[in-house]
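# Inside the fold
Spelled out from the first residue to the last, the chains are:
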Amino acid sequence: VQTCALPISSVTIPEGVTSIQEGAFDECSKLKTIRIDNPKCKISMTENTFPKQATIYAAKGSTAQTYAETFGRKFVAI
């Protein structure tokens, strides 16, 4: 996933994506919803991997849930 240059409000990361790097969503100030379909996706465990205002939707017990809990982000199990 590359740095966001568009004013998007939501994104779905498909199951085929296996990792998300730090800063992948830099410049995405309007991003409110992130859905991660791969429960084992490797997510860079740094505070700026996902925007603070975004809610993360992913499977219960997923790496996305771990990320959300670690950095105090909103998480919704799907």
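Computed from a predicted structure; not experimentally measured. (Residues numbered from 1 in each chain as written. Predicted model: local features only at pLDDT ≥ 70, side-chain atom pairs only at ≥ 80, totals over all residues. Heavy atoms only, no water.)

Structurally, Phe-25 can be placed in the loop between strand E2 (19-20) and strand E3 (33-36). On a C-alpha basis, the gap between Phe-25 and Thr-49 in space is 6.6 Å, while along the polypeptide they are 24 residues apart. (Helix = DSSP H or I, 4+ residues; strand = E, 2+ residues; numbered from the N terminus.)

In this section: helix H1 (residues 63-71). Regarding H1, the residues found buried are Ala-64, Gln-65, Tyr-67 and Ala-68. Seen from one end, H1 has its buried residues packed into an arc of 160°, which puts them on one side. The inward-facing, buried residues of H1 contact E3, strand E4 (42-43), strand E5 (55-58) and strand E6 (75-77). One or two residues past the end of H1 sits Gly-72, with phi positive at roughly 65°. (Buried < 20%, exposed > 50% of the residue type's maximum accessible area, 1.4 Å probe, protein only. Arc of directions from axis to C-beta. Contact = heavy atoms within 4.5 Å.)

What follows deals with the sheet that holds E5. Across the sheet, four strands lie side by side as E1-E3-E5-E6; this open sheet has parallel pairing. The sheet terminates laterally at strand E1 (10-13) and E6, the two strands that pair on one side only. Ignoring which end each strand starts from, the neighbouring axes of this sheet average 15° apart. With three bridges connecting them, E3 and E5 associate as parallel partners. Directly across from Ile-34, in E5, lies its bridge partner Ile-56. The strands touched by H1 are E3, E5 and E6; relative to E5, the strand with the most contacts, the crossing angle is about 155°. (Pairing = 2+ DSSP bridges. Axes fitted to C-alpha atoms, helices over the stretch in contact; angles between N-to-C directions.)

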